[in-house]
Amino acid sequence: MKYDVVVVGSGPAGTVTARFAAEAGAKVLIIERRQEIGVPVLCGEGISKKVDDYNVLKGKRWIANNMDGARIFSPDGTKVTLDADMAGNETGYVLYRDIFDQELARGAVSAGAKIMLNTCALDLIKEKNKIKGVKARYFDEDIEIEADVVVGADGVESKVGRWAGIKTVLKPKDLETCAQYTLTGVDVNRAYCDFYLGKKIAPGGYVWVFPKSKDVANVGIGILASLSSPGLATKLLDKFIDSHPELKKGEPIRFLAGAVPVSEPYEAVMDNLILIGDAARQVDPITGGGLIACLDAGRIAGEVLGKAVEKQNFSSDILKEYENRAAASFYKKMKRNYAVKEIMLGFEDKTLNMLADSLKDVKFDEISTLELIKALVLRHPSLMIKLRPLMKAAKR
Amino acid sequence: MVKPKAVVDKKKCLACGGCISICVQDAITMISDKSTIDKDKCISCGICINTCPVGAIYWEGKLS
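Being a predicted model, the structure only gives us computed values, none of them experimental.

Bringing the domain arrangement of chain A into the picture now. Think of interface size as the accessible area that goes away when the parts come together; that is how it is often given. What the domain assignment lists for chain A is domain 1 (2-65 + 94-170 + 264-332), domain 2 (172-261) and domain 3 (341-395). The gap between the C-alpha centroids of domain 1 of chain A and domain 3 of chain A is 38 Å.

Excluding glycine, residues mostly carry a negative phi; peptide bonds, for their part, are mostly trans. Residue and element names in this part refer to chain A. For the peptide bond that leads from V39 to P40, omega is -5 degrees, which places it in the cis range. Mapped onto the elements of the fold, P40 is located in the loop between β2 (28-31) and β3 (46-48). Positive phi, close to 55 degrees, is recorded for N118, a residue that is not glycine. Its place among the elements puts N118 in the loop between β8 (114-116) and β9 (119-127).

This part covers the environment of I37(B). Residues and elements named next belong to chain B. Relative to the helices and strands, I37 is located in strand β3 (residues 34-37). The spatial distance from the C-alpha of I37 to the C-alpha of K10 is 11 Å, given a sequence separation of 27 residues. Among residues more than four places away in sequence, those in contact with I37 are A6, V7, V8, A27, I28 and C42.

Moving on: the interface of chain B and chain A. Contact residues are listed per partner, giving 18 residues for chain B and 23 residues for chain A. Elements that contribute at least two residues to the side of chain B that touches chain A include exactly α1 (18-22) and α2 (47-51) of chain B. Along the lines of polarity and charge, the residues of the side of chain B that touches chain A split into 11 nonpolar, six polar and one charged.

Turning our eyes to something else, we now look at the sheet that holds strand β15 (residues 216-224) of chain A. By way of backbone hydrogen bonds, the strands of a sheet pair with one another, either parallel or antiparallel. Residue and element names in this part refer to chain A. Sheet architecture is open: seven strands sit in the order β6-β5-β13-β14-β15-β12-β16, paired in mixed fashion. Of all the strands in the sheet, the pair left with one neighbour each is β6 (79-83) and β16 (251-261). Shown here is a sheet whose adjacent strand axes are inclined to one another by a mean of 20 degrees, direction ignored. Pairing of strand β12 (residues 175-184) with β15, which is carried by nine bridges, proceeds in the antiparallel orientation. Along β15, the bridge assignment pairs Y181 with V219. Contacts from helix α4 (residues 232-242) reach β12, β14 (206-211) and β15 within the one sheet, and its direction differs from that of β15 by about 135 degrees.

Thresholds, definitions, all that
- Residues numbered from 1 in each chain as written.
- Chains lettered and ligands numbered in written order.
- Predicted model: local features only at pLDDT ≥ 70, side-chain atom pairs only at ≥ 80, totals over all residues.
- Domains from an automatic or database assignment.
- Helix = DSSP H or I, 4+ residues; strand = E, 2+ residues; numbered from the N terminus.
- Contact = placed C-beta atoms within 7 Å.
- Nonpolar A, V, L, I, M, F, W, Y, C, P; charged D, E, K, R; others polar.
- Pairing = 2+ DSSP bridges.
- Axes fitted to C-alpha atoms, helices over the stretch in contact; angles between N-to-C directions.

Pasting the structure below:
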């Protein structure tokens, strides 16, 4: 078996890369260790409406709910409402992520990519240190797939990166450990995605309530691994649901666990290899959202892979264009948000309450930075000192 | 000195991959959709035990 590009992993990063590489003329194979694309869903299922700009999805079957915006609740329950335009990566639509992933895979196949399910990558094929493809197990048969480029789209636990010698181990302070129920029979406001902050609620993270309809919602939690103890994510999530009657009356139709890198982007390219998506830590360190980054990076990677095939040059010099363009597109924001994350981790609940109290009546669709600062300082002058490092980070 | 080792309760593991991504020893792999820890590689740091969102990893054995 010989391909131009073999993609390990059939999540959005993998299938979008495959699609654009195939469109650019590359012979592409996607391998997936599971027997179904998109399952199990490991995701809060929120996405920004920016997804519409990428034109990679047909129809609307992947949309569960169309959101008006987001509401952030501070530790004492003060509510700040953001419109969809202001709420950033995580609100816009709530997805059926399994259908979403399968639609993206359909796009890759339409462009000419091949897919092998039940195919678990075991190692890289290397000759004199040159990467020549992947060794894999197809059901119980060991196979070798030769390829000029291996794309590691194998998620947060990326093995492809490790096999290539890239240090992909995450520090516990750079990983959110997550749990989520999909609850039915709940009573939620279907217009808003809700976020709950506080050290007791979710240390180093947040609880989310993303409605899929008026009586079904994803209720999940992410906490920083460095602040976690065994099973803490699930325990805190259960506690949160118990203290919210509108959620407590529901029953779970799905339970899942997840892990999200919240780190800075890092080296994702070498000769004959690229990493993408969670494997390349392409996730917003504040929100933990990574879908739009996948679409962005996947399109860039696919185009660059097409050029590499045309030139028959698969060295890091050529592939580096992917990293450079991804950097120009969203790495700067990731780095800034990583700095903001570090600062916000130091905030006491009291500070978050003051912040929320200052912002609760602000209309976010018509505000300028100056007005924002005025609103903050008028109500709680002491916030100014706490926020100074944030302003600095924002200017970067 | 024999240290206790981290072990995965396969009934509880939901295959999120969190433990694999933070293991400095590269001791954990996903086998048939369950995290599996190589006891020979495990250095008993306990990071995976704390990280697991569902409490599926525990200590096995006593300090002896």
